[in-house]
Amino acid sequence: MSDFHHISVLLHETIDAMEINPDGIYVDCTLGGGGHSEEILKRLSPNGFLYGIDRDDEAIAAASARLSKYPNFKAIHANFHTLRSVAEEEGILGKADGVLFDLGVSSHQLDDVSRGFSYHGDAPLDMRMDRREEVSAKTLVNTLPESELARILRDYGEEKAASRIASFIVREREEKTIETTGELVDIISRAMPAKMKRDKHPAKRSFQAIRIAVNGELTGLPNALEAAYETLKPGGRLAVITFHSLEDRLTKSFLRDKETGCTCPKEFPICVCGKKPKMQSVIRKPLEAGEAELEANPRARSAKLRVSEKTDYTE
């Protein structure tokens, strides 16, 4: 296994906003290299406990080694989409003081070219966060119908040239199987109109889209957020770090729904719906990385942190 490294984004802002209870129960749903988890563990007493979840076996191994000095930590190799069942198995449903999501791909997964996430270099076309899964980027690129490929590129990558890129991919795979990231980058570059290549790497949006599709990142997020709400006790806090507009939109929509109280028409003199807010926003606007962090880690540029607290108005 190569050394697992991941630069934790908005680290101190996240930990501060979660207001760690020394005796509390916490769940880091995206353990990664263990950066956020270690900062939580530093603030816990022997009575507190932290569960770290990750679908990447390399992340589990690296974080377990890094955090082995903490007896009140447990690493769980699972997809955070299964958070509710994990919470039930551990007996913490409705008991957690905090749940954290640091969404997106890790620094290690991007920098380890062999994992197939990066459009820099050449490697087997993989992109699986959990390599126990059967479906890889190679599977999708070589088997999906052209219309479905175009939809994924358009919906998950917000790629304007989605149809043209999908057409080029299908034409190429009819000649030979697309095996590597380098081959896919070449196809995308040839498909992309010249005027669209100026600002960003031509494969950036397509690789994001295919990665999201391979790992089901967006399809499972709403249920995972709902499971996080159920895992929290009243007064517990949910912290979510997003890296692109699609996952941020889903997170924002989920929190808006939970934070909305009375829905009666404005002309009603009193509330008759009885709807109470189930969560209360902790920070008015999402926090973003400051200049010092951006200088040290340019990948933090698109990161947004949202934090909300579960209220006592539970049904």
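If you're wondering where the values come from, they're calculated on a predicted model, not measured in any experiment.

Q: Describe in detail the side chain of K310, supporting the description with residues and values.
A: Mapped onto the elements of the fold, K310 is located in strand β7 (residues 304–310). A polar atom in the side chain of K310 sits 2.9 Å from the backbone oxygen of Y229.

Q: Explain the pattern of salt bridges to me, using residue names and the numbers behind them.
A: In the structure shown here, the tally under the stated rule is 29 salt bridges. Between D97 and K233 there is a salt bridge whose closest N-O contact spans 3.0 Å. A residue pair is termed long-range when its members are at least 10 positions apart, and D97 in strand β4 (residues 96–102) and K233 in strand β5 (residues 232–242) qualify at 136 residues. Judged by its relative accessible area of 30%, K233 falls in the partly exposed class. Connected via shared salt-bridge partners are D56, D57, E58, R115 and R131.

Q: Before we move on, can you summarise a nonpolar patch on the surface with the specific residues and values?
A: Residues F268, I270 and V272 make up a contiguous nonpolar surface patch of about 310 Å² in total accessible area. Of note, V272 is situated in the loop between α12 (245–259) and β6 (279–281). For V272, a relative accessible area of 58% puts it in the exposed group.

Q: Tell me about the state of the cysteines, residues and numbers included.
A: All told, the structure shown has 0 disulfides when counted by the stated rule. Free cysteine C262: the closest other cysteine sulfur is in C271, separated by 3.5 Å. Assessed through its relative accessible area of 42%, C262 is described here as partly exposed.

Q: Go over unusual backbone geometry with me, naming the residues and quoting the values.
A: Of note in this structure, E19 is not a glycine but carries a positive phi near 45°. Positive phi values are uncommon outside glycine, yet E158 reaches one of about 50°. Following the sequence through the fold, E158 ends up in the loop between α7 (146–157) and α8 (162–175).

Q: Would you mind going over the nonpolar core in detail, with residue names and values included?
A: Counting 37 residues, the largest nonpolar core has I165, I169, L184, F207 and I210 as its most contacted members. Mapped onto this core, the elements with two or more residues apiece are α6 (137–143), α7, α8, α9 (181–191) and α10 (204–215). Beyond its immediate chain neighbours, meaning those up to four positions away, L184 contacts L125, V141, I169, I178, F207 and I210. Core analysis: the second largest hydrophobic core is formed by 29 residues, M18, L31, L41 and L100 among them.

Q: Tell me what's going on with the packing of α9 against α10, and back it up with residues and numbers.
A: Interaxial distance between α9 and α10 falls to 10 Å at its minimum, and their mutual angle equals 130°. As judged from the angle between their axes, α9 and α10 are oblique. Between α9 and α10 the crossing geometry is right-handed. Where α9 approaches α10, its residues T181, L184, V185 and I188 are matched on the opposing element by S206, F207 and I210. Residues belonging to the contact of α9 with α10 are distributed by class as follows: 5 nonpolar, 2 polar and no charged.

Q: Explain the pairing of strand β1 (residues 25–28) residue by residue, including any values.
A: Two elements, β1 and strand β2 (residues 49–54), share 4 bridges in a ladder whose sense is parallel. Counterpart to I25 in the pairing with β2 is F49. Since β1 and β2 lie parallel, the crossover through helix α2 (residues 35–42) that links them has a hand, and here it is right-handed. Judged from the 3 bridges that link them, β1 and β4 form a sheet pairing that is parallel. Pairing of Y26 across the sheet is with G98, part of β4.

Definitions and limits used
Residues numbered from 1 in each chain as written. Predicted model: local features only at pLDDT ≥ 70, side-chain atom pairs only at ≥ 80, totals over all residues. Heavy atoms only, no water. Helix = DSSP H or I, 4+ residues; strand = E, 2+ residues; numbered from the N terminus. Polar contact = N/O pair within 3.5 Å; in protein donor to acceptor, adjacent residues only side chain to side chain. Salt bridge = Lys/Arg side-chain N within 4 Å of Asp/Glu carboxyl O. Buried < 20%, exposed > 50% of the residue type's maximum accessible area, 1.4 Å probe, protein only. Patch = residues over 30% accessible without salt bridge, like charges linked within 9 Å, V, L, I, M, F, W, Y side chains within 5 Å. Areas by Shrake-Rupley, 256 points an atom, 1.4 Å probe, with all protein chains shown as cover. Disulfide = S-S within 2.5 Å. Core = buried A, V, L, I, M, F, W, Y, C linked by side-chain atoms within 4.5 Å. Contact = heavy atoms within 4.5 Å. Axes fitted to C-alpha atoms, helices over the stretch in contact; angles between N-to-C directions. Parallel < 35°, antiparallel > 145°, perpendicular 65-115°, else oblique. Left-handed = near helix turned anticlockwise from the far one by under 90°. Nonpolar A, V, L, I, M, F, W, Y, C, P; charged D, E, K, R; others polar. Pairing = 2+ DSSP bridges. Right-handed = clockwise from strand over helix to strand, strands pointing away.

Geometric descriptors of this kind do not, in isolation, establish any biological role.
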